[in-house]
Each structure stands twice: as C-alpha cells, then as structure tokens.
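The chain contents come next:
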Amino acid sequence: MSESLSKVPNGMRYYFGAEARLRRYVEDTAMAVFDGWSYEEIITPSVDYHALFEFGMGHREAERAFRFTDTDGKMLALRPDVTSSVARAAATLLARRARPLRLCYTGLVFRQQPPTHAQWRRESEQLGCEQIGSAQGSADIEMLVIAVEVLKRLGLNDRFSITLNDVNIFNGVAERLALDPLARDRMRQLIDIRDMAELRRFLAPHDREAQAGAFARLVERPGKSELLEEARRLITNTRSTEALDRLERLWSVVETLALADQFEIDLGDLSGLDYYTGLTFKIYVEGIGTRAGGGGRYDHLTANFGRSEPAIGFVLDLDALTDALSRSSSFAPAQESERATERLSGDDHGALFVRALEHRANGARVIVDDRGTE
Amino acid sequence: MSELTIALAKGRLQTATLEHLERVGIRVAEGALASRRLWVEDREGRYRFIFVKPVDVPVYVEHGIADCGVAGRDVLLESEADLLQPLDLQIGRCRIVVASHKSELLSNGFGILRVATKYPRITAEYFGSRGIPVEIIELAGSVELAPVLGLSDCIVDLVETGRTLDENGLRVSEVIFESTARLVVNRASFQLKAAAVGQLIKALELCAKEEA
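Keep in mind it's a predicted model, so treat the numbers as computed, not measured.

Peer 1: Quick question: what am I supposed to make of the overall build of chain A here?
Peer 2: In terms of regular secondary structure, chain A is built from 14 helices and 13 strands. Along the longest, intermediate and shortest principal axes, the C-alpha atoms of chain A span 90 × 55 × 45 Å. Restricting to contacts in chain A with at least 6 residues of sequence separation, those with at least 24 account for 69%.

Peer 1: Sorry, what's going on with the overall build of chain B here?
Peer 2: If you tally the helices and strands in chain B, you get 8 helices and 11 strands. Overall, the C-alpha framework of chain B stretches about 60 × 35 × 30 Å when taken along its three principal axes. When each of the 212 residues of chain B is scored for burial, the buried share is 38%. Pairs at least 24 apart in sequence give 66% of the contacts found in chain B among residues at least 6 apart.

Peer 1: Mind showing me how you'd approach the pairing of strand β13 (residues 365–368) of chain A here?
Peer 2: Consecutive residues of a regular strand have side chains that alternate between opposite faces of the sheet. Residues and elements named next belong to chain A. Looking at chain direction, strand β12 (residues 341–344) and β13 are connected through 4 bridges and run parallel. Its bridge partner lying in β13, Arg343 is registered against Ile367. Running through helix α14 (residues 349–361), the crossover from β12 to the neighbouring parallel element β13 is right-handed.

Peer 1: Would you explain the interface of chain B and chain A in this entry?
Peer 2: Accessible area lost upon the coming together of the parts serves often as the stated size of an interface. Contact residues are listed per partner, giving 15 residues for chain B and 18 residues for chain A. When contributions to the side of chain B that touches chain A are tallied by element, the ones reaching two or more residues are α2 (57–62), β5 (84–88), α7 (187–192) and α8 (194–211) of chain B. In the side of chain B that touches chain A, the residues fall into 6 nonpolar, 6 polar and 3 charged.

Peer 1: Can you help me understand the packing of helix α3 (residues 50–57) of chain A against helix α5 (residues 83–91) of chain A in this one?
Peer 2: Packed helices, taken two at a time, are described by the angle their axes make and the gap between the axes. All names here are of chain A. With their axes 9 Å apart at the nearest point, α3 and α5 run at an angle of 95° to one another. Compared by their axis directions, α3 and α5 come out roughly perpendicular. Every residue of α5 that contacts α3 at Leu52, Phe53, Gly56 and Met57 is listed here: Thr83, Ser84, Ser85, Ala87 and Arg88. By residue class, the composition of the contact of α3 with α5 is 4 nonpolar, 4 polar and 1 charged.

Peer 1: Honestly, helix α11 (residues 225–234) of chain A in this entry has me stumped. Any pointers?
Peer 2: Residues and elements named next belong to chain A. Listed in full, the buried residues belonging to α11 are Leu227, Leu228 and Ala231. Around the axis of α11, the buried residues are gathered within 100° of arc, so they sit on the same side. When the buried face of α11 is taken as reference, the exposed residues oriented beyond 90 degrees from it are Glu226 and Arg233.

Peer 1: Which parts of the structure should I look at to understand the pairing of strand β10 (residues 293–297) of chain A?
Peer 2: Residues and elements named next belong to chain A. Here β10 lies mainly inside the structure; 5 of its 5 residues are buried. Here strand β9 (residues 279–285) runs beside β10; their pairing, made up of 4 bridges, is antiparallel. Of the residues in β10, the one forming a bridge with Phe281 is Gly295. As judged from the 5 bridges shared by β10 and strand β11 (residues 311–317), these two strands associate in the antiparallel manner. In the sheet register, Gly296 faces β11, and the bridge partner there is Gly313.

Peer 1: What exactly am I supposed to notice about the packing of helix α6 (residues 137–153) of chain A against helix α12 (residues 238–256) of chain A here?
Peer 2: Residues and elements named next belong to chain A. At a closest axis distance of 11 Å, the pairing of α6 and α12 adopts a crossing angle of 50°. Between α6 and α12, the crossing angle belongs to the class labelled oblique. Read as a crossing pair, α6 and α12 show a hand that is right-handed. Two secondary-structure elements touch here, α6 through Gly137, Asp140 and Ile141 and α12 through Arg246, Arg249, Leu250 and Val253. Its residues assigned to classes, the contact of α6 with α12 shows 3 nonpolar, 1 polar and 3 charged.

Peer 1: Can you walk me through the nonpolar core in this structure?
Peer 2: Taken as a class, soluble globular proteins show a tendency for nonpolar side chains to be buried jointly. One finds Ala147, Val285, Leu316 and Leu321 of chain A to be the most contacted residues of the largest nonpolar core, which totals 123 residues. Broken down by element, the residue count for this core peaks at 8 residues, all from α6 of chain A. If near-sequence neighbours (up to four positions away) are discounted, Leu321 of chain A is found in contact with Val26, Leu154, Val285, Ala292 and Leu316 of chain A. Core analysis: the next-biggest nonpolar cluster, separate from the first, contains 15 residues, Ile96, Val134, Cys154 and Leu170 of chain B among them.

Peer 1: When you look at the sheet that holds strand β7 (residues 113–117) of chain B in this model, what are you seeing that I'm missing?
Peer 2: In sheet architecture, strand pairing relies on hydrogen bonds along the backbone and comes in two forms, parallel and antiparallel. Residues and elements named next belong to chain B. Taken in spatial order, the 5 strands make up an open sheet running β8-β7-β9-β6-β10, and their pairing is mixed. Only two strands of the sheet have a single neighbouring strand rather than two, namely β8 (134–138) and β10 (171–179). Adjacent strand axes in the sheet meet at a mean angle of 25° when their direction is disregarded.

Peer 1: Looking at this structure, how should I read the environment of Thr44 of chain A?
Peer 2: Residues and elements named next belong to chain A. As for its placement among the helices and strands, Thr44 is situated in the loop between β1 (40–41) and β2 (47–49). For Thr44, a count of 17 C-beta atoms within 10 Å puts it in the partly exposed group. In this structure, the C-alpha to C-alpha distance between Thr44 and Ser85, residues 41 residues apart in sequence, is 6.6 Å. Those residues in contact with Thr44, other than ones at most four positions away along the chain, are Arg79, Val82, Ser85, Val86, Tyr105 and Gly107.

Peer 1: Looking at this structure, how should I read the environment of Ile191 of chain A?
Peer 2: Residues and elements named next belong to chain A. Its place among the elements puts Ile191 in helix α8 (residues 181–192). Measuring from C-alpha to C-alpha, the distance between Ile191 and Tyr105 comes to 32 Å, with 86 residues separating the pair along the chain. Other than its neighbours up to four places away in sequence, Ile191 contacts Leu199, Val219, Gly268 and Leu270.

Peer 1: Sorry if this is basic, but what is going on with the confidence of the model for chain A here?
Peer 2: The predicted structure's coordinates, where accompanied by low pLDDT, should not be read in detail. On average, residues of chain A carry a pLDDT of 90, and 92% of them reach 70 or more. Mean pLDDT across the secondary structure elements of chain A bottoms out at helix α10 (residues 211–218) of chain A, with 78, and peaks at β1 of chain A, with 98.

Peer 1: So what exactly am I meant to see when it comes to the sheet that holds strand β5 (residues 101–110) of chain A here?
Peer 2: All names here are of chain A. Judged by pairing direction, the sheet is mixed, and its 8 strands sit side by side in the order β1-β5-β6-β11-β10-β9-β7-β8 without closing on themselves. Only two strands of the sheet have a single partner each, and these edge strands are β1 and β8 (263–265). Pairing between β1 and β5: 2 bridges, direction parallel. Among the inter-strand pairings, Glu41 is bridged to a residue of β5, identified as Cys104. Docked against the sheet, helix α2 (residues 17–36) engages β5, β6 (123–132) and β11, running at close to 160° with respect to β5. Along the sheet, α12 makes contact with β7 (160–166) and β8, crossing β7 at roughly 155°.

What counts, and where the lines are drawn
- Residues numbered from 1 in each chain as written.
- Chains lettered and ligands numbered in written order.
- Predicted model: local features only at pLDDT ≥ 70, side-chain atom pairs only at ≥ 80, totals over all residues.
- Helix = DSSP H or I, 4+ residues; strand = E, 2+ residues; numbered from the N terminus.
- Contact = placed C-beta atoms within 7 Å.
- Buried ≥ 20, exposed ≤ 12 C-beta atoms within 10 Å, placed from the backbone.
- Pairing = 2+ DSSP bridges.
- Right-handed = clockwise from strand over helix to strand, strands pointing away.
- Nonpolar A, V, L, I, M, F, W, Y, C, P; charged D, E, K, R; others polar.
- Axes fitted to C-alpha atoms, helices over the stretch in contact; angles between N-to-C directions.
- Parallel < 35°, antiparallel > 145°, perpendicular 65-115°, else oblique.
- Arc of directions from axis to C-beta.
- Left-handed = near helix turned anticlockwise from the far one by under 90°.
- Core = buried A, V, L, I, M, F, W, Y, C linked by C-beta atoms within 7 Å.
- pLDDT = per-residue confidence, 0-100.

Have a look at this one:
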C-alpha cells in the first residue's frame, strides 16, 4: 500500500483491545450514572453550521473547528462542542417540554490542535450532562454530585480534585475597575497563568481603592472556606459579593456531603469558554497533566436561539479518564471478560451454525473455529 | 519518591537556575551534576530535577511529566504551551531582537523581508502585527551567519551581551522584548500538588525579589 494510504492523520487514532474495552466501560459507567439521575440521552448532529458554534463557544474556540462548505456555500463544521447544539434543541425542538430539561450525551468532538500540544488528539470523546431551565442552586449541586459519582464509580475515589469559581467575582472586580475590553482581557489572561507580579504591576495604576491588589492575593492559589472568608473581607462590589454568597452556600453543601477534601475554591480559574455566566468548575485527576473535565452555568446561551433561560452543564473528557485509569495499577475492568466461550467447529456448516445459534440463544459466547473444517 | 519533578533547561540557564535554587536551600548532591545522568534529586529527596533542552521544558511541563520547570520567556512565547507562569525569577536576562548589517531594513527592493531565526512564531507575530510581509527562514543555529552570506536580510535572535552580533558585523535594529527566566507549572499539578507547588513558589519568590 502506498505511504499516503497507510498513514493516519495527526491527532487521529485507532482504539482496540483493552483500550477499546476501557473506553466502552467508562462510557457505560458514566451513562448509567446520568440515567440514575434521570438525564435523558440526546444524540446531536456530527456536522452543523459553523455559525452555531461561533455563537455557542465564542469566536476564538470555534476557530479551531474543522470547516468545510455546504452545497449552498454555507460554512459547515465537524462539531467541536456538543453543548451549543443541545442548547439549540432545548430552545427549538424541546421548547414545549416541561422544565427543567435533563439531557445527557456521549459524543465525539473534533478540534484542530497544533501537533505539539499536550492534548494532541483532534478527535476526542465527551461525556456530558446539561440541565436547562433551572436557576436553582440545587441544579449547581446536582451537577457536581453527578460528576463526583462518575469519578467514584470509576474507582478514582481519592485521586481527583474539583475547583469551584463564579465568573461574576472576576467580572464584578473588572467592572469596578472600569477596564476597557482589551485591559480586561489582559487582566484575565494574567490571572489565568497566575503571573502575580505582572498582575500587580498591571493593576497598580487602576487601584484607587486597593481592591485590585487585594484581588491579586485571592487569585494566587486555591483554598477552602477560609479563602471565601478572606474574599468577603476584601471584595465589596455587589456583583462579586452576590457571587460569593452563592459560592458560600454551595460550599456549605459540599461540607455537608463530606466532599470538602475533593473540592477547592479557585478564584483564579478563568480559562475556558466565554459562555459561562455563573458557577464554573474544573475537574483534575491524578496521573494526567491536563484537565479531565469541567462545566458551569451558561444562562445566556439559549437566548441565541430566541428563548433565554438558565442552564448548567458539564463534560468529562473520556480520553483523560481512560488515561488516568490505564495508568493506575489497581484497575482491572480493562481485562478481557472471563466469560466462558464455546469453541465450535465442523465441516457441516448447517449443523455448525445450528449449534452456534443454540448456544447464543442461551446467552453463551461462541467462537466459530474454521481450523479443521473444509 | 520525590514530591515534585522539575524540568530545567540545559545550557545558558542551567547554572543560573541551580544557583538560584541553592540560595533558597534546594541543593543537588555534589558530583551528581558532573555525571552524564539526565536527572538528579536534591539532597533531601524532595525534588527530582530533569535536564532537557530549553525548548523541551514547556513540553515536559505541559504533558505533566514534570510538575514545574524553569524556562526563558523567549522559549515560552515561541512554544505557546498552555502553562501557568506564577513567577519571574529575574535571572537569565536577555533580549530578543531584530538585527541586521543594513541601516534600512526594507531595502532589498522587493517589499518582502527575509528573516532568519530560531523563533518562527515570535517573528511572524512581531512583523505580522506591523503589517510587514516576511519570508521566515527557520534555522537551528548560527543564525548570525544568514545575513552575512545573503541568506536573509536580517535575523530575529536572542542577545545577551551582543558580542556575537558585533563579531559578525550585525547591529540591533529593534528590540522585540526582554526575556527572563520564568517558573512554569503544569495546570493539573497546581491543583493536585498544591501544597508542594505553593511552597516552592513562596521560596523562589523571596529570592526573586532580592534578585530584582
């Protein structure tokens, strides 16, 4: 075969054997948990208009989509994200359904990646949940609890950490500083890479009330409830304070559920999609250098489709989870199942398959051995 | 097992980084560096250091093979790796410059500038943002030779003392940015090994302040 036909494009790959079984196991585990919380599966189109993702994810993220043109000249994309499409369905096809809508999915997403990037896959699988139509704090908690249950059922009990933030804390401070969009973006970027020295220098000229300098201290590193208390003392604007109230209520539930060891407050977590409007969270699992998932509240996304309503969702990155599990020595389910297999052979193909069908009817696994036949 | 793996750049930055660590009490065993081993532990066994090419530091850290690393800003900007950069260590100070032996850069008469460099991304970004069309000639080393022999009109390169430029008859025509070494941290390690990473940042921070 010629070289060009043998070669697999960068960032694309096969999965088979133990790896494929592990992927199916993780998928089944997550989907069973989603079902257990009454989330209904939705399957979205693999190809959609690029404009959908531009609205949904923001221009910068959507630029990474694989794009091509439809017969009428409109720009299409292989979906780089599932949430945008779910939000559209909620506002259109499912507009008359009772709220809240609880939807879940497992789906491949496609993103262009520089080949040197650590998340080198250009095709990856997302497991996700969306709850649309509820602004309640209980929806926020439900998302976190579902994510935790999936991780625990996968056997990652003490090996994960989830960070919580609310985008309004940053937005409130940026508003108060009256930053123009460019400066605001710069501030966000400096916080995102935790360049504290540069952040302080950048904020110094804006800092009339010393609120900005205090904010630099808060975003430096993650913490627990004491970080919220400190934030309370240092931040006074209404928008941020309301967000802190919500986070505090959420944190007290986290403590009630005895999950405080697995959770952190991280006010410096500002990376990710532009569509988040409230709570955001990121999921980290030991053994892998990249995030294993994340989510948050996106109350304005569905407005793009003519029906504004509150919504929250999260995704788990199947590839990250399987990486973490396959590196863990204690993990067994990837082994080929021990189920007995009936090995059948014979020259009389009619009789051979009659026997095979009998075994199958009894639920046995068969393998038709063609050695010794003919 | 050591708490943190730290990737250090071999060459220009290596000595400065190790001295810097020593000032905050992190010492590698004597003799360990003389050998050809590519990783060593500190005396207390808390840190494991791996020695890699400067451009590979962000790669090891982004993949989480190393939790932290020390790399020049030049390397970080060129790699575009998704890393946390909590600390400017104020060591390994140098400049990324445009240098040529002509006084007027756009004088080849074709309106396109040929630039030889080890930094194709930084070069494209710098000239691109100024609307100057460039043809980038990517080289792995001895970049100063390119304009002398006519391979390019100018170079974009790292300059410490300026001696190599002088000796090849080149002059700095524009400074693109100043570069110093940064502590970089993997995003997952920052969360999952928060205590150890926090301690390292605090210790290095005090030292960096003195340096500045």
